[in-house]
Amino acid sequence: MSSTTANMKTPEVIRKRGNKDKMILAIIGYVTLTVLAIFCIFPFILVVSSSLSEESTIIEKGFQIFPSAFSTEAYSLLFKYPEEMLRAYGITISVTAIGTLFGLFLTSMTAYVLSRRDFKWRGRFSFFFFFTTLFSGGLVPWYLMIVNYLHLKDTLLVLILPLLMNVFYIIVMKSFMSSIPDAITESAKIDGAGDFRIFMQLIVPLSKPALATIGLFIALAYWNDWYNALLFISKSELMPLQYYLYKMLGNMDGMRKAMMASGAVVNTDLPTESLKMAMTIVATGPILLAYPFIQKYFVTGLTIGAVKG
Amino acid sequence: MERGFKMKQKQHGFWDDVKKYRSLLLMLVPAVLFFLLFAYIPMSGIILAFKQYDYTGGVFGSPWNGWDNFKFFFNSGDAWRVTRNTALYNIAFIVVNNVVQIFAAILLFEVAGKWFRKITQTVLFLPYFISWVVVGAIAYNLFNFDVGTINVLLKGLGMQPVDIYNTASYWPVILVVVSAWKTLGYGTIMYLAAITSIDTEMYEAAEIDGANIFQRIMKITVPNLMPTVIILVLLAIGNVFRGDFGMFYNMVGNNGLLFSSTDVIDTFVFRSLTTSNEIGMSAAAGFYQSLLGFVTIMLANYAVRKYDKDRALF
């Protein structure tokens, strides 16, 4: 406001006014952030409480924030005949493990070469990779390549390969490795170590923080992937978790048939709505459980990306 | 140039370099192969946009049909609709998401409580971690006509339930809110990092000069944040013709009633490929999107370069 009047007042008055402003801001801050936090977490609470509601109450009254009739029926039904769900879990876990391991290895190996200042063609190769983020052939040629030429439809490999490498991760990894002093590579070279050995034995251990972050980004992408399955998987035994959930959400009739065939339920008493929500929770569970512990690695990844991306 | 190249070759030829860098080159082989197979070779498939695809002929054996695929795409009216939707949604996402994220980051920086800050940050970041399929399930929980939470609340207030999945006009608002929800934590953390890197001496100096906290935010935090905002927004504008397929597909699916306000280029191409099997036309639409995307990203990068050379993509 008017700084002249403020300046004429004693420092205490200024401090008092400053404190009042800070109070106002603190109130705005706490209230707004709490509202935003509730906005972010509310849907999760809603799904959890819906999954724990009795089906008849849902049909009668709809999904409720506080279930008026508590029931774990949906979960017990899920765990009574868990074969399909477990198989989907198995696919997702294998794909995530294999994909993350190879993806991380190849990403960091590529990034290391591109970070080597003495490598004559590092600029050209960097451009070769980077250009793919600027221009692409689009969905159709990519799809036909995978289906008609690589013949990967309905294979486990099609869930792994398309997500294996990502230019953005290579760039983040490269900028991290560029901060490792050249002297390390050079002195190892003088000692007669080969490039691959230098990478494996010196660079990889020094890059642990970046590897953890990028590894988790890759793992999350695999865990949450449903797109490649949507395009390329038609066999139910190869369905990863998220795609299985997608299928089930859209096709409860299929689920009913499967459950009736296995003798779990008769047509009338399948708790469709609560079951959908329970499946959502079970499919998200591991992420929600691991989240508090892995979150900080993502934060570092984002800030590396923001500064140097 | 040619002479220089020849001279160089005499003392130190191309193959000498290959030999010198052979182990580094070998280490690049998997990545090069990967991007050849999944990016460069498929680029040659762009020719499909000019062909009448048939399964026996494949990509290279199918007969040419000139611009027919493009004519079909543009004359159907779909081209304009999906282009407009893609661009408008992305612009709305950029504006709303950035405003909310900056606002949240500033508040998060100013509030005192350390544990409060930590917990809030953790909660805001949560939606980033779940798949779009799960978001689709949440949307179903909220918007379903018979049992959805929103209609439960409306009925509880004695109001008429709304048929959200059959009303196209609700969706622009819904999708903007969902996008803000999913990206809030991600963006807030990026902006918070930018605020944290602002020199604290500036704040101290401002305080001594008698600036109140709101003045400090408006005169120091916001201006210092602007370079980051401008760069991130320009880069986002570069991708304004790329729709988030996962989002649109899981929120809307193949619900034709909503296409007028929700169909984007990516969902359109996907549908033409998988359900109506119009390979040539969807390749044409995909090529059109790639070209648009390429031009906008080049323009955006040019703008970033003008603004701050170090932060340009290339």
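Thresholds applied
- Residues numbered from 1 in each chain as written.
- Chains lettered and ligands numbered in written order.
- Predicted model: local features only at pLDDT ≥ 70, side-chain atom pairs only at ≥ 80, totals over all residues.
- Heavy atoms only, no water.
- Helix = DSSP H or I, 4+ residues; strand = E, 2+ residues; numbered from the N terminus.
- Buried < 20%, exposed > 50% of the residue type's maximum accessible area, 1.4 Å probe, protein only.
- Areas by Shrake-Rupley, 256 points an atom, 1.4 Å probe, with all protein chains shown as cover.
- Rg over C-alpha atoms; globule rule 2.2 N^0.38 Å.
- Lys, Arg positive; Asp, Glu negative; His and termini not counted.
- Charge placed at Lys NZ, Arg CZ, Asp CG, Glu CD.
- Expected span 1.5 Å × (residues − 1).
- Arc of directions from axis to C-beta.
- Contact = heavy atoms within 4.5 Å.
- Axes fitted to C-alpha atoms, helices over the stretch in contact; angles between N-to-C directions.
- Parallel < 35°, antiparallel > 145°, perpendicular 65-115°, else oblique.
- Left-handed = near helix turned anticlockwise from the far one by under 90°.
- Nonpolar A, V, L, I, M, F, W, Y, C, P; charged D, E, K, R; others polar.
- Salt bridge = Lys/Arg side-chain N within 4 Å of Asp/Glu carboxyl O.
- Polar contact = N/O pair within 3.5 Å; in protein donor to acceptor, adjacent residues only side chain to side chain.
- Core = buried A, V, L, I, M, F, W, Y, C linked by side-chain atoms within 4.5 Å.
- UniProt positions renumbered as here; feature names shortened; annotations may be inferred.

(A) Looking closely at the overall build of chain A. A count of helical and extended segments in chain A gives 16 helices and zero strands. Per-residue burial over chain A gives 51% buried out of 309 residues. Entry remark: accessible area of chain A is about 14,600 Å², with carbon and sulfur atoms responsible for 67%.

(B) How the structure looks around the overall build of chain B. A tally of regular secondary structure across chain B gives 16 helices and zero strands. Computed over its C-alpha atoms, the radius of gyration of chain B comes to 26 Å, more than 25% above the 20 Å expected for a compact globule of 314 residues. Projected onto the principal axes, the alpha-carbon positions of chain B cover approximately 70 × 60 × 35 Å. A buried classification covers 53% of the 314 residues belonging to chain B. Here chain B has roughly 15,200 Å² of accessible surface; of this, 66% comes from carbon and sulfur atoms. The average position of the 24 basic charges and that of the 20 acidic charges among the side chains of chain B differ by 8 Å.

(C) How the structure looks around helix 11 (residues 195-206) of chain A. Between its terminal C-alpha atoms helix 11 of chain A stretches 15 Å, which fits the 16 Å expected from 12 residues at 1.5 Å a residue. Turning to helix 11 of chain A, its buried residues number three or more, namely Asp195(A), Ile198(A), Phe199(A) and Ile203(A). Within helix 11 of chain A, the buried residues cover an arc of 95° as seen down the axis, which keeps them to one side. Buried residues in helix 11 of chain A make contact with helix 5 (83-115), helix 9 (167-178) and helix 10 (182-190) of chain A together with helix 3 (22-44) of chain B.

(D) Representation of the packing of helix 5 of chain A against helix 11 of chain A. Residues and elements named next belong to chain A. Following both chains from N to C, one finds helix 5 and helix 11 inclined at 115°, their axes separated by 11 Å at the closest point. It follows from the interaxial angle that helix 5 and helix 11 lie roughly perpendicular. At the point where helix 5 passes helix 11, the crossing takes the right-handed sense. On helix 11, the residues touching Phe105, Ser108, Met109 and Tyr112 of helix 5 are Asp195, Phe196, Ile198, Phe199, Met200 and Ile203. A per-class count over the contact of helix 5 with helix 11 returns eight nonpolar, one polar and one charged.

(E) Spotlight on unusual backbone geometry. Of note, the phi angle at His151(A) is positive, near 50°, even though the residue is not glycine. Owing to a relative accessible area of 58%, His151(A) belongs among the exposed residues under this scheme. Even without a glycine there, the phi angle at Asn277(B) is positive, about 60°. The residue Asn277(B) is located in the loop between helix 15 (265-274) and helix 16 (279-307) in this model.

(F) Fine view of the interface of chain A and chain B. The interface is formed by 98 residues belonging to chain A together with 99 residues belonging to chain B. The tally of links between chain A and chain B comes to two salt bridges. Where Asp17(B) meets Lys120(A), a salt bridge forms, and the shortest distance between an N and an O atom there is 2.4 Å. In this structure, the connection of chain A to chain B is made through 22 residue pairs in polar contact (both at pLDDT 80 or more). When residues of the side of chain A that touches chain B are assigned to their parent elements, the largest contribution, 22 residues, is made by helix 2 (residues 11-51) of chain A.

(G) Main features of the nonpolar core. With 190 residues, the main nonpolar core has Phe119(A), Phe125(A), Phe129(A), Phe143(B), Trp171(B) and Met251(B) as its most contacted residues. In contact with Phe119(A), not counting residues within four places along its chain, are Val113(A), Phe125(A), Tyr21(B), Leu24(B), Leu25(B) and Leu28(B).

(H) Broad picture of the packing of helix 5 (residues 68-75) of chain B against helix 16 of chain B. Residues and elements named next belong to chain B. At a closest axis distance of 8 Å, the pairing of helix 5 and helix 16 adopts a crossing angle of 80°. Judged by the angle between their axes, helix 5 and helix 16 are roughly perpendicular. Packed against helix 5, whose contacting residues are Asn69, Phe70, Phe72, Phe73 and Phe74, the element helix 16 presents Gly280, Met281, Ala284, Ala285, Phe287 and Tyr288 at the interface.

(I) Region of interest: the environment of Asp308(B). All names here are of chain B. Among the secondary structure elements, aspartate 308 is positioned in the segment after helix 16. For aspartate 308, a relative accessible area of 23% translates into the label partly exposed. With 270 residues separating them in the primary sequence, aspartate 308 and phenylalanine 38 have C-alpha atoms 33 Å apart.

(J) Structural context of the UniProt feature "transmembrane region" (unreviewed entry) in chain A. All names here are of chain A. In the numbering used here, UniProt assigns the feature "transmembrane region" (unreviewed entry) to residues 24-46, 88-113, 125-144, 156-177 and 198-223. Secondary structure content for residues 88-113 is 100% helix and 0% strand, while the C-alpha to C-alpha distance between its ends is 37 Å. Between the end C-alpha atoms of residues 156-177 the distance is 32 Å, and the span holds 68% helix and 0% strand.

(K) View of the side chain of Ser261(B). Residue position: Ser261(B) is located in helix 14 (residues 259-262). Once residues within four sequence positions are removed from consideration, Ser261(B) is found in contact with Asn85(B), Tyr89(B), Ala168(B), Trp171(B) and Pro172(B).

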